[in-house]
Amino acid sequence: MVRYVGDIDLLSLHALAVRKAGSPAAVGAVLGRDEDEVARALEAAVANGRAAGANETFMVTPAGQAWLGERYPEAFAGLRADPEATAAYERFESINRELLALFTDWQMVPGPGGERAPNDHSDAGYDEKIVDRLGALHERAEKPLGRFAQLDPRLGTYWERLEGAYDRVLAGEHDYVTGARVDSYHTVWFELHEDLLRMLGRERETAP
Amino acid sequence: MTAVADRVVVLDGSTSPSREVVGNKGRSIARMLSLGLPVPPAFALPIDECRRYHAAGGELGDETWEAVLAGLRDLEERSGRRLGDPARPLLVSVRSSGAVSMPGMMDTVLNLGMTAEVEAALARLSGDPEFAGSTHERFVEEFAHTVLGADPDEPTPDVPSDPLDQLRAVVQTVFGSWSSRRAKAYRRHWGIPEDGGTAVIVQAMVFGNLGEDSGTGVLFTRDPLTGAAEPYGDWLPGGQGEDVVSGTHDPLPLGALREQLPDAHDRLIEAGRLLEREHGDVQDVEFTVERGSLYLLQTRVAKRSPHAAVRTAVDFAEEGAIDRREAVRRVSAEQLARVLAPRLPEDAAESAEVVARGTPACPGVASGLAVGDSDAAEAEPGDVVLVRPTTSPEDVSGMIAARGVVTEHGGSTSHAAVVTRALGRPSVVGVGDGLAAELAGRELTVDGTAGVVYAGRLPTEEVEPGAVPGLTELLAWAEELCPVTVADSAPELVDLDAEGLGVEGDETPDRAALTERLRGATAARGSVLATAEGARAVLAAGVPAVVRLPGQPAAALLLRLVQEMSDVEEGRNQ
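Residue positions within a chain follow its written sequence, with the count starting from 1. Going through the entries in the order they are written, you letter the chains from A and number the ligands from 1. Thresholds applied to this predicted model are a pLDDT of at least 70 for local features of residues and 80 or more for the giving and counting of side-chain atom pairs; totals over whole chains, interfaces and linings are not thresholded and use all residues.

### Re the overall build of chain A
Only DSSP runs of H or I with at least four residues qualify as helices, and only runs of E with at least two residues qualify as strands; both kinds are numbered from the N terminus onward. For chain A, the helix and strand inventory stands at 10 helices and 4 strands. Counting from the amino terminus, chain A carries its helices and strands in the arrangement α-α-α-β-β-α-α-α-β-β-α-α-α-α. The globule rule used here is 2.2 Å times the number of residues to the 0.38 power, and the radius of gyration it is set against is calculated over C-alpha atoms. Relative to the compact-globule value of 17 Å for 208 residues, chain A shows a C-alpha radius of gyration of 18 Å, a close match. Taking the principal axes of its C-alpha atoms as reference, chain A extends roughly 60 × 40 × 30 Å. Here chain A holds 208 residues, and 38% of them are scored as buried. What counts as a contact is two residues whose backbone-derived C-beta atoms lie within 7 Å of each other. Within chain A, contacts between residues at least 6 apart in sequence are counted, and of these 56% link residues at least 24 apart. Around each residue's C-beta, the other C-beta atoms within 10 Å are counted; 20 or more make the residue buried, 12 or fewer make it exposed, and counts in between make it partly exposed. All C-beta atoms are placed from the backbone.

Shown next as structure tokens:
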């Protein structure tokens, strides 16, 4: 029951905006589309002044952002009006709030005096509890993400990436909770959030 | 067939069951009891019962249930209360207790035995109907989510009103959680056998809100901020359980307990002393006083500030509780780095110009030229501070290149906060509209500990080991124990960074390659020597001396070497 898929020109630029910068291969991976097809769309966007760059790294220009802003309401009108999408997004937001608190707890340990100090990961019990909370939230996220993937199959790649990050966390690779240099849970979740906000025309509850 | 008595372990201090039988939490309760300490009555269903549950295809056998009822009868006798009895209500907590802790296990259900009648009784006994109501509410929510698996995003389903039905369901949930998806995935990753299981601990709840001589609190056996050998803690008169931990109420210092209930206070301090001796480390003890009677709920090794880590390690060694090597090992490289981190002079705030204040997001001090975007941060050759309205994934490369980060918007969970902490870049977030443009091009100093941004590059002060209580002793011991000398220079050395064997970003060179290169060397120098990999290579190659780089504290190198040496000798990997 796939209901909403936009055209490749719009999607390529949208995915580029979500990732902020990237190669046709990276954008193709987000979209689940062929690299060559994406490369052609991005090159066309460069010709229209909507993107800048070439070959390996493209970026959306301000004109491209404006164009996306104009196109979004119409391109995702169906999705925006779909109560299922709205319901799934509400769930996503409720999980998001807890997940953000979890990221802080992971990085900053409440100290004896109440002040938080960077987590030096010397307390395995503390870390385990957070990994367990992450597991519970990850399981809770499966439903809304499954719903999104039914509405638009390309969103299924986010679930796979989140599974990958969670799996590495379970295996003891702690950098995959909030690490900035890897496809950590935080990295993927932030990207997914940005993607959903743009498609659904929503604002973040708090400043990013 | 096994007798009922063998299928339940009464925790009353008469026996000392192993962790293989009653799990870690059960063992911890038994240990407190064996020291003669007051612990609320409890019993355990041993791990074997979990195996039986799974062997029967996820069914709670009649004999297991008989064992639960036998344990409960004993609990009722010892507490003088009964489950579901409004005249003398007993409420229990139910916990999982594995020999190995792992994610996915059901953790705790509190206040089991709560019904409408018991709520009314509790309101009468405590004189606090609001407390009784919220306890009931919390139980229903916890039960619904933990036991019935209700999605928090959906309405709360019905919870059984018969306390025995509640108990049966929670026991099944604890056993069942052994084969939860998360627990299975964890065991697969770590090669933990599938034929283990978890015990169930059922313990009487005690109440800190029954009358004037009641309350709840936390005792640290030493001051967790300074490490001073004096008890420290919180006391919340009339408070119940999680009120202290959750921080929703403002507790009083421990001295208030001494004044209010001197007997309970003295017994608590004595209990802390016993537990500290038993465990050989500072303890963090949760306790409740119910109508003047002290109960210990939990004890564990206390978290402490880096300064306290140094001081308590040295004090414990000097008191003879641990040896010097153990003392050195108790202070991690990260803790030492934080103790020795260069800081702004105390009077910086008075003498320097404050250009912005915001939420401290990642602690530490950093200075540089303020730049407004990531490209500039990467292009600028000198130290830079990235100043942005907000940050997003496109800024990560700029944040890596910058020394510090300042944002106009967002709080402690913002993208900038999460990422700078992951990268260890001092940051202040949410300094207010328009400041990014205003600050760009200026020299700044970011104090990510205080949440202040100063104009100019402020000099930082090095911390002398003598200024940190205990550090001089600790370093002297490390030097004695260490087979490697840490020096400022050497006539001849292998310079690992110059040979391309340095730390690049987060990447360290392969240990085998390092060891190979260092074999036969008389001294070595390099960024990698501050890491575990580098220290192990030095030890494996038998290098007699390492030479510190500028900015590489000798203390850090020394401590790392001794710690890795101890781990290698004990066969611990990583």
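### Here's the deal with the interface of chain B and chain A
Every contact between the two is made by 37 residues of chain B and, on the other side, 37 residues of chain A. Among the elements of the structure, helix H7 (181–190), helix H13 (333–340) and helix H17 (415–423) of chain B are those that each provide at least two residues to the side of chain B that touches chain A. Broken down by element, the residue count for the side of chain B that touches chain A peaks at 6 residues, all from H17(B). In the scheme used here, Gly and all other residues not listed as nonpolar or charged are polar, with Ala, Val, Leu, Ile, Met, Phe, Trp, Tyr, Cys and Pro taken as nonpolar and Asp, Glu, Lys and Arg as charged. Across the side of chain B that touches chain A, the residue classes break down as 13 nonpolar, 15 polar and 9 charged.

### Concerning helix H22 (residues 554–569) of chain B
Residue pairs three or four apart in sequence face the same way in an α-helix, which turns once every 3.6 residues. Residue and element names in this part refer to chain B. Multiplying 1.5 Å by the helix residue count minus one yields the expected span of that helix. Relative to the 22 Å expected for 16 residues at 1.5 Å per residue, H22 spans 23 Å between its end C-alpha atoms, a close match to the ideal helical length. Listing the buried residues of H22 in full gives Ala 555, Leu 557, Leu 558, Leu 559, Arg 560, Leu 561, Val 562, Gln 563, Glu 564 and Met 565. Close packing links the buried residues of H22 with helix H12 (324–329), H13, helix H19 (471–481), strand S21 (485–487), helix H21 (532–541) and strand S24 (545–547).

### Remarks on the nonpolar core
To count as a nonpolar core, a set of buried Ala, Val, Leu, Ile, Met, Phe, Trp, Tyr and Cys residues must be joined through C-beta atoms within 7 Å. Ranked by internal contacts, the top residues of the largest apolar core, which has 146 residues, are A:Tyr185, B:Val385 and B:Val406. At 10 residues, helix H6 (residues 83–107) of chain A tops the list of elements feeding residues into this core. Excluding residues that lie within four positions of it along the chain, A:Tyr185 makes contacts with A:Leu134, A:Leu162, A:Ala165, A:Tyr166, A:Val169, A:Tyr176 and A:Val177. Listed in part, the 43 residues of the second largest apolar core include B:Ala317, B:Ala530, B:Val547 and B:Leu557.

### Observations regarding the sheet that holds strand S8 (residues 215–220) of chain B
Residue and element names in this part refer to chain B. Sheet architecture is open: 5 strands sit in the order S10-S9-S8-S11-S12, paired in antiparallel fashion. Looking at the sheet topology across the chains shown, the edges are occupied by strand S10 (252–253) and strand S12 (293–301). Strands are treated as partners if at least two bridges between them are detected by DSSP. Sheet topology note: the S8/strand S11 (residues 283–290) ladder contains 6 bridges and is antiparallel. Of the residues in S11, the one forming a bridge with Thr 216 is Thr 288. Together, S8, S11 and S12 form the strand contacts of helix H10 (residues 262–279), whose direction differs from that of S11 by roughly 150°. For helices, the axis comes from a line fit to the C-alpha atoms of the stretch in contact; other axes are also lines fit to C-alpha atoms, and the angle between any two N-to-C directions lies between 0 and 180 degrees.

### Re the confidence of the model for chain A
What pLDDT reports is the predictor's confidence in each residue, on a scale of 0 through 100. Of all residues in chain A, 94% have pLDDT values of 70 or greater, and the mean over the chain is 88. Strand S4 (residues 116–118) of chain A is the least confidently modelled element of chain A, averaging 80 in pLDDT, while helix H9 (residues 175–178) of chain A averages 95, the highest of any element.

### A few points about the confidence of the model for chain B
This prediction gives chain B a mean pLDDT of 90; 97% of its residues lie at or above 70. Quick note on the complex model: pTM equals 0.83, ipTM equals 0.79.

### Side note on the sheet that holds strand S14 (residues 359–362) of chain B
All names here are of chain B. Here we have 8 strands laid out as an open sheet, ordered S13-S20-S19-S15-S16-S17-S18-S14, and mixed in their pairing. The open sheet has two edge strands, strand S13 (354–357) and S14, and neither has a second partner. The average angle at which neighbouring strand axes cross in this sheet is 30°, direction not considered. Relative to strand S17 (residues 404–407), strand S16 (residues 384–388) is paired through 4 bridges, and the arrangement is parallel. Looking at the pairing, Leu 386 lines up with Val 405 of S17. Contacting S14, S17 and strand S18 (427–429), H17 runs over the sheet at an angle of about 40° to S14.

### Side note on the pairing of strand S20 (residues 452–455) of chain B
Walk down a regular strand and you will see the side chains alternate between the two sheet faces. All names here are of chain B. Pairing analysis gives 3 bridges linking S13 to S20, with the strands arranged antiparallel. Bridged to Val 354 within S20 is Tyr 454. Direction of pairing for strand S19 (residues 443–447) relative to S20: antiparallel, over a ladder of 4 bridges. Among the inter-strand pairings, Asp 447 is bridged to a residue of S20, identified as Val 452. Hairpin geometry of S19 and S20 is characterised by an intervening segment of 4 residues between the two adjacent antiparallel strands and by a positive phi of about 80° at Gly 451.

### Considerations on the packing of helix H11 (residues 306–318) of chain B against H19(B)
Residue and element names in this part refer to chain B. Contact geometry of H11 with H19 gives a least axis separation of 9 Å together with a crossing angle of 65°. In terms of crossing hand, the pair formed by H11 and H19 is left-handed. In this structure, H11 contributes Val 310, Ala 313 and Val 314 to the contact, and H19 contributes Leu 471, Glu 473 and Leu 474. Throughout, a crossing is termed right-handed when the near helix is turned clockwise from the far one, and left-handed when it is turned anticlockwise from it by less than a right angle.

### Focus on unusual backbone geometry
All names here are of chain B. Even without being a glycine, Asn 111 presents a positive backbone phi close to 60°. Assignment of secondary structure puts Asn 111 in strand S6 (residues 108–112). The phi dihedral of Arg 291 falls on the positive side, at around 45°, and the residue is not glycine. Within the fold, Arg 291 resides in the loop between S11 and S12. On the basis of neighbour counts, which here come to 12 C-beta atoms within 10 Å, the residue Arg 291 falls in the exposed class.

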